[in-house]
Every structure is written in C-alpha cells, then in structure tokens.
Amino acid sequence: MWDYSEKVKDHFFHPRNAKIVEGANAVGDVGSIVCGDALRLMLKINPATEVIEDAGFQTFGCGSAIASSSALTEMIKGMKLEDALKITNKDIADYLDGLPPEKMHCSVMGREALDAAAANYRGESYESAHADSPLVCKCFGVDEAHIVRAVRENHLTSVQDVTNYTKAGGACGSCHEKIEEIIERTLREMANDEAAAAEKDRNGAETEKAAGATGRELSPAEKIKAEADAEIRALEEQMRRVREEAQAKIARAQEEARLRDEQLRAEKEEILRKAAQDSETADEGPINEEVPFYAEVVRVVNDMKTALAQDGGSVELKKVTSEKVYVELSGSCVGCMMTDMTLSWIQQQIMEAVGQYVQVINTAAPAQLFPE
C-alpha cells in the first residue's frame, strides 16, 4: 500500500476546480483512457495580461492523478502564463508534500497538460511539437522527448525511475534497452553541459583576473586569444571525457567477453560430463568382472601401459562391457595425430586376445570436439 500525504488525501477527497471552465481559451488534453490516465486542463487567460484568471480540470485516473490536477489548478490561478510554465512536476509533488515514486507520472501528466494548454492558447499544436521525437514505449505512447525531459528535470538514473515518472517501460518491457540508452546519453549530455558551464565560469574569472592584473581592459586580440585558449581547454576536457568513456566501454566489453568465455567453457564441460554419463549408461548387460573376457582385457591394457610408458604415455582401463572397452589415454597419447593409431593398436591386441570384435573407446576423446 502506498503512503500518501495528508495533502494528497485532501485534494483527492476534496478536489479543487474539478469543473468545466466557462469561456476557457486554453485547453490541454494529455494521456489516454486506454493507457489508464487522461487529463483535460482548461484555462481562462486574460488576452491583455496573460494572467490565468480561472482553471479547471477533468481527469480519468487514480487518486494521485486527481490530487495532482487539483494542486496544479490551485498553483497557477492568478499567475501569468509565462510564470506558470516554469512550474515543474517536482513543484506539483512538493505542493502535495510528496508523491509515492510509483505515482510521480501523475505530476508529470499535469505539467504536460499545462504545456498543451499553452500551445493551444498560442494557436500551436502540442502534438506537432513532439512529431519528430521517436516513439519509445508503444504500450503507453511515450516518445523520446518526454523521457529526456523527465530525466533532465528529475535526474533519473534507472529504467524504474523513468517508469515511475512517465509510465514508459511499465508494461511489456521491450523498450527497456532503448530507455537505458536514452538515460545514459542524456546523463552524459547533462554532465557535458555542466562541465562546459563550469569551464565558462572559470574562463570568465580568468579573463577578469587577467584584466585586473594588467589594470586595463583586454585588447581585442587578447580577448580573442583568451577565448581561443578557453575553447581549447574545453575541447581537451571533452576529449578526456570521451577517452575515459571509451576506456570504460572497452573494459565492460572485455569483462563481458570473459564472462561469455567462462559460460561457454562451463557449457562444454557440462556437455562432456553428460556425454560421459550417457556413454556409461548406454551399454546394457554385464560390466567389468561379469564380462567373461574381463581378465584378458585387464592383462592386455596393463601390457599396453608398460609399452606406452616408454614414450611418455599411459592408458587406464575405465570400463568393460560385452561389446566395448572404455579406456583413458593420457600423457603423450593425447592431443596428437597418433591417438587414433594407439587406440587401434590397443583394440587389435584386445580382439586377438578375446577372439571377437570389441570396440575400444577413449573417454577423453570428446574433448577434441571443442578445440580452444
């Protein structure tokens, strides 16, 4: 259950200006009933002074939507339109002593309704102002411009934040990756803007300092040089940030590649393990000592082990069935072109000893299916 302030409850149970404004000359419609929230804001603006003389609203939505609309109309009545348009969704939420994070989109909707009403008053189309902005969230009809504005005004840093403030990404989730890209790009642009503003302030201070040091106003040539030096420093700072971002991306890509390699290696090992298990359980009938020629196989493998040891190799008997003999080659017998020949040699010796066809299988062989 969300925790609503007493002011939110008051504006919900006793909404102000929930009415149709007679003589309204500015109407803003935002949201959609299909998406769950819709708001119509009606204003009566004095054409001579552009003072908002009356305001009313009709809304379809939750308690927070009603309270936000009610608060907005109370805030803007008596204000000049120019001043009213400076109100942010945070101002609306603060007026209500706060809104739950999941309901911040209601205050955003109120602010957007005010923008739409102002556009209507000036004979402009609010929709056309966003026509060039690509649609990001199809479920709630939220375009990129709305998301960028919410990120900038509220310093949002996560997809969940954007969902709380715009509803974008709150349904199927297919737009989450795009929202993350917009957040990252917008925050980077904000950081660049702040750095440029700080650099401009520093340059101005240095110019004033230089002028003060000489006791005179800088000449045109000195001003041009100072401005050029400032631009160079700003470009160097921008290049430094770009370089750091590129290095960070490279580091992330390398880490992702390492994790993928580890995952692939784990998957290979799991495949080999299952293959070994399957091979061990595939044969039916007696195994090892229960096989009539088991002793002969043991003798041959021990003889082979002695012979292979002279060349740095070895063979271990793993399992014997009525049709197959499982061995594990190691040392110099593994990973070379002679592996198959060694297996054939062992198989021939066993077949001669037991007097029937027996297949010899190297349990380490599947590893060759996945060369590094």
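This one's a predicted model, so the numbers in the text were calculated from it and none came from an experiment. The residue count restarts for each chain, going from 1 along the sequence in the order it is written. Confidence filtering applies because this is a predicted model: local features only for residues at pLDDT of at least 70, side-chain atom pairs given and counted only at 80 or more, and all residues used for totals across whole chains, interfaces and linings. Values reported for side chains reflect all heavy atoms of the structure, with hydrogen atoms and water molecules removed beforehand.

1. Notes on the confidence of the model for the protein chain
Inference 1: On a scale of 0 to 100, pLDDT captures the predictor's confidence in every residue. Across the protein chain, the average pLDDT comes to 82, with 85% of residues at or above 70.
Inference 2: Secondary structure elements are defined from DSSP: runs of H or I of at least 4 residues count as helices, runs of E of at least 2 residues count as strands, and each element is numbered from the N terminus. Looking at the elements of the protein chain, mean pLDDT is at its lowest for helix α8 (residues 176–214), recorded as 74, and at its highest for helix α3 (residues 81–84), recorded as 93.
Inference 3: Overall, residues 367–372 carries pLDDT values under 50, and its contacts beyond four positions in sequence, including any with other chains, amount to 7 contacts. Residue contacts follow a heavy-atom distance rule, with two residues in contact if any of their heavy atoms lie within 4.5 Å.

2. Details of the sheet that holds strand β7 (residues 324–331)
Inference 1: In this analysis, strands are considered paired if DSSP registers two or more bridges between them. The strand order across the open sheet formed by 3 strands is β6-β7-β8, and the pairing between neighbours is mixed. Single-partner strands in this sheet number two, and they are β6 (313–320) and β8 (359–362). Neighbour to neighbour, the strand axes of the sheet diverge by 30° on average, direction disregarded.
Inference 2: Helix axes use the C-alpha atoms of the stretch in contact, all axes being lines fitted to C-alpha atoms, and the angles between their N-to-C directions lie in the range 0 to 180 degrees. The strands touched by helix α10 (residues 294–309) are β6 and β7; relative to β6, the strand with the most contacts, the crossing angle is about 165°.

3. Here we look at the packing of α10 against helix α11 (residues 339–354)
Inference 1: One can describe the packing of α10 onto α11 by two numbers: an axis separation of 9 Å at closest approach and a directional angle of 145°. Pair α10 / α11 crosses with right-handed handedness. Across from E296, V297, R299, V300, V301, M304, A307 and L308 in α10, the residues of α11 making contact are T342, W345, I346, Q349, I350, A353 and V354.
Inference 2: Charged residues are taken to be Asp, Glu, Lys and Arg, nonpolar residues to be Ala, Val, Leu, Ile, Met, Phe, Trp, Tyr, Cys and Pro, and polar residues to be all remaining types, Gly included. Classifying every residue of the contact of α10 with α11 gives 11 nonpolar, 2 polar and 2 charged. Here a crossing is called left-handed whenever its near helix is offset anticlockwise from the far helix by less than a right angle, and right-handed whenever the offset is clockwise.

4. Thoughts on α10
Inference 1: A helix's residues, less one, multiplied by 1.5 Å, set its expected span. The end-to-end C-alpha distance of α10, which contains 16 residues, comes to 22 Å, matching closely the 22 Å that a straight helix rising 1.5 Å per residue would cover.
Inference 2: Along α10, the positions that sit buried rather than exposed are V297, V300, V301, M304 and L308. The arc that holds every buried residue of α10, seen down its axis, measures 100°, which confines them to one face. Opposite the buried face of α10, by more than 90 degrees, sit the exposed residues A295 and T306.
Inference 3: Close packing links the buried residues of α10 with β6, β7 and α11. Three labels apply to residues, based on accessible area from a 1.4 Å probe with only protein chains included: buried if under 20% of the type maximum, exposed if over 50%, partly exposed otherwise in between. The arc in question is the one spanned by the directions pointing from the helix axis to the C-beta atoms.

5. Some points on the pairing of strand β2 (residues 37–45)
Inference 1: For β2, the buried fraction is high: 7 of the 9 residues fall into the buried class.
Inference 2: Looking at chain direction, β2 and strand β3 (residues 52–60) are connected through 8 bridges and run antiparallel. The residue bridging L43 from the neighbouring strand is A55, located in β3.
Inference 3: Count of turn residues in the β2/β3 antiparallel hairpin: 6 residues, of which E50 carries a positive phi of about 60°.

6. Quick word on unusual backbone geometry
Inference 1: For H155, which is not a glycine, the phi torsion comes out positive at approximately 55°.
Inference 2: In this model, N288 sits at a positive phi of 50°, which is unusual for a non-glycine residue.
Inference 3: Mapped onto the elements of the fold, N288 is located in the loop between α9 (220–282) and α10.

7. Some thoughts on the side chain of N89
Inference 1: Within the fold, N89 resides in helix α4 (residues 89–95).
Inference 2: Classification of N89 as buried rests on a relative accessible area of 1%.
Inference 3: N or O atoms closer than or at 3.5 Å make up a polar contact, with two conditions inside protein: a donor-capable atom paired with an acceptor-capable one, and, for residues adjacent in sequence, both atoms drawn from side chains. At 3.2 Å, the side chain of N89 and the side chain of N154 are in polar contact.
Inference 4: For N89, the contacting residues outside a window of four places in its chain are M104, S107, V108, R111, E153, N154 and Y165.

8. Re the nonpolar core
Inference 1: What is meant by a nonpolar core is a set of buried Ala, Val, Leu, Ile, Met, Phe, Trp, Tyr and Cys residues, joined one to another through side-chain atoms within 4.5 Å. Formed by 28 residues in total, the largest nonpolar core has its most connected members in V30, L41, L43, I45, I52, I76 and L114.
Inference 2: Of all the secondary structure elements, the ones that give two or more residues to this core are β1 (26–32), β2, β3, α2 (63–76), α3 and α5 (104–121).
Inference 3: At 9 residues, the largest contribution of residues to this core is made by α5.
Inference 4: Ignoring anything within four residues of it in the chain, the contact list for V30 reads A38, L39, M109, E112, A113, A116 and Y126.
Inference 5: Membership of the second largest hydrophobic core comes to 24 residues, among which are A71, V159, V162 and A168.

9. Re the packing of α2 against α5
Inference 1: At a closest axis distance of 8 Å, the pairing of α2 and α5 adopts a crossing angle of 45°. On the basis of their axis angle, the class for α2 and α5 is oblique. Two packed elements cross with a definite hand, and for α2 against α5 that hand is right-handed. The segment α2 lies against α5, with S64, A65, S68, L72 and I76 engaging C106, S107, M109, G110 and L114. Working rule for angles: under 35 degrees goes down as roughly parallel, over 145 as roughly antiparallel, 65 to 115 as roughly perpendicular, anything else as oblique.

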